[in-house]
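Fold and geometry: a report
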Amino acid sequence: MVVYSFYIFDRHTECIYSKSWLPPSHASSSSSSSGPTNVTTTTGTGTATAAAAAAGAAAGQTASGARKKSAADDAKLIFGTVFSLRNMVRKLGGDDDAFVAYRTAHYKLHYYETASNLRMVMLTDPATLSMRNVLHQIYINLWVEYVVKNPLSPVEHKGGAGVRNELFELGLDQFVRGLM
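Because the structure is predicted, anything quoted here is derived from the model rather than measured.

Quick notes on the overall build of the chain
The helix and strand tally for the chain stands at five helices and seven strands. Among the 180 residues that make up the chain, the fraction classed as buried is 38%. By sequence separation, contacts in the chain at least 24 residues apart represent 47% of the contacts at least 6 residues apart. Accessible surface, the chain as shown: approximately 10200 Å² in total, 55% of it carbon and sulfur.

Written out as structure tokens, the structure reads:
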């Protein structure tokens, strides 16, 4: 099983955390001949799309600025996809049906929503089974313990200010690497 990336969105639809585990060596070797593909790579501050970073560098932007813009764009696209699919499932199946995951030829998106409208999204390889329990464990064992119970952590992440909790980041990284 391979985990590509992980996102957390707050109740105001802002991406407050994103993390990628795809090594940079896969970025150049995973391009397919079916056209341009966006490959997410690991950076020090978050995620970036290799194609957008290359386009930004060609336009004279700094690589850091292109990464930040690309990461924000990726998060917006992922949230838009999740929001649309979730609404479509609710309209077609009623309020009792829940959107859990969807699969494409290249990845599988897993979705978990808490009672407080915190949304967690994990992108994995398509062969992965349901990660709903894993996302629930991340919420209970990592998010609640290291972010919610932390008196120094803000309750609201206004303006898209992300989660900057070292214990949460280390715990999440160890937890996900343990799954791989």
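Anyway, onward from the coordinates.
A closer look at the confidence of the model for the chain
For the chain, the average pLDDT comes to 75, and 70% of its residues sit at 70 or higher. The secondary-structure element of the chain with the lowest mean pLDDT is strand E3 (residues 40-42), recorded at 32, while strand E7 (residues 119-124) shows the highest, at 93. Across residues 24-62, where pLDDT falls below 50, the model places 45 contacts with residues more than four positions away in sequence or in other chains.

Description of unusual backbone geometry
A positive phi is found at Thr13, a non-glycine position, where the angle reads about 65 degrees. Looking at the secondary structure, you find Thr13 in the loop between strand E1 (3-9) and strand E2 (15-20). Look at Thr13 and you get partly exposed, because its relative accessible area is 41%. At Asn117, a residue that is not glycine, the phi angle is positive and equals roughly 65 degrees. Turning to its location among the elements, Asn117 is positioned in the loop between strand E6 (108-113) and E7.

Quick notes on the side chain of Thr124
Looking at where Thr124 falls in the secondary structure, it is placed in strand E7. Only 2.8 Å separates the side chain of Thr124 from the side chain of His110, close enough to count as a polar contact. With residues near it in sequence (within four places) discarded, Thr124 still touches Val2, Val3, Tyr4, Tyr107, Lys108, His110 and Met131.

A word on the nonpolar core
Grouped together as the largest cluster of nonpolar side chains are 23 residues, with contacts concentrated most on Phe6, Ile8, Met120, Ile138, Trp143, Phe168 and Leu172. Here the element with the most residues in this core is helix H4 (residues 132-148); it accounts for eight residues. Beyond its immediate chain neighbours, meaning those up to four positions away, Phe6 contacts Tyr17, Ser18, Lys19, Trp21, Met120, Val121, Met122, Leu135, Ile138 and Leu172. With twelve residues, the next largest nonpolar core counts Ile78, Tyr102, Leu109 and Tyr111 among its residues.

Some points on the packing of aromatic side chains
According to the stated counting rule, one finds ten aromatic pairs in the structure shown. When the centroid spacing of 5.3 Å and the interplanar angle of 75 degrees are considered together, the rings of Tyr17 and Phe168 count as edge-to-face. Here the residue Tyr17 occupies a position in strand E2, and Phe168 occupies one in helix H5 (residues 166-179), the gap between them amounting to 151 residues. Summarising the burial analysis for this pair, Tyr17 and Phe168 share the class buried. On the basis of an interplanar angle of 25 degrees and a centroid distance of 6.1 Å, the ring pair of Phe79 and Phe83 is categorised as stacked. With Phe79 and Phe83 both in helix H3 (residues 63-93) and four residues apart, this pair spans about one turn of that helix.

Reading guide: rules and limits
Residues numbered from 1 in each chain as written. Predicted model: local features only at pLDDT ≥ 70, side-chain atom pairs only at ≥ 80, totals over all residues. Heavy atoms only, no water. Helix = DSSP H or I, 4+ residues; strand = E, 2+ residues; numbered from the N terminus. Buried < 20%, exposed > 50% of the residue type's maximum accessible area, 1.4 Å probe, protein only. Contact = heavy atoms within 4.5 Å. Areas by Shrake-Rupley, 256 points an atom, 1.4 Å probe, with all protein chains shown as cover. pLDDT = per-residue confidence, 0-100. Polar contact = N/O pair within 3.5 Å; in protein donor to acceptor, adjacent residues only side chain to side chain. Core = buried A, V, L, I, M, F, W, Y, C linked by side-chain atoms within 4.5 Å. Phe/Tyr/Trp six-rings, centres within 6.5 Å; stacked < 30°, edge-to-face > 60°.

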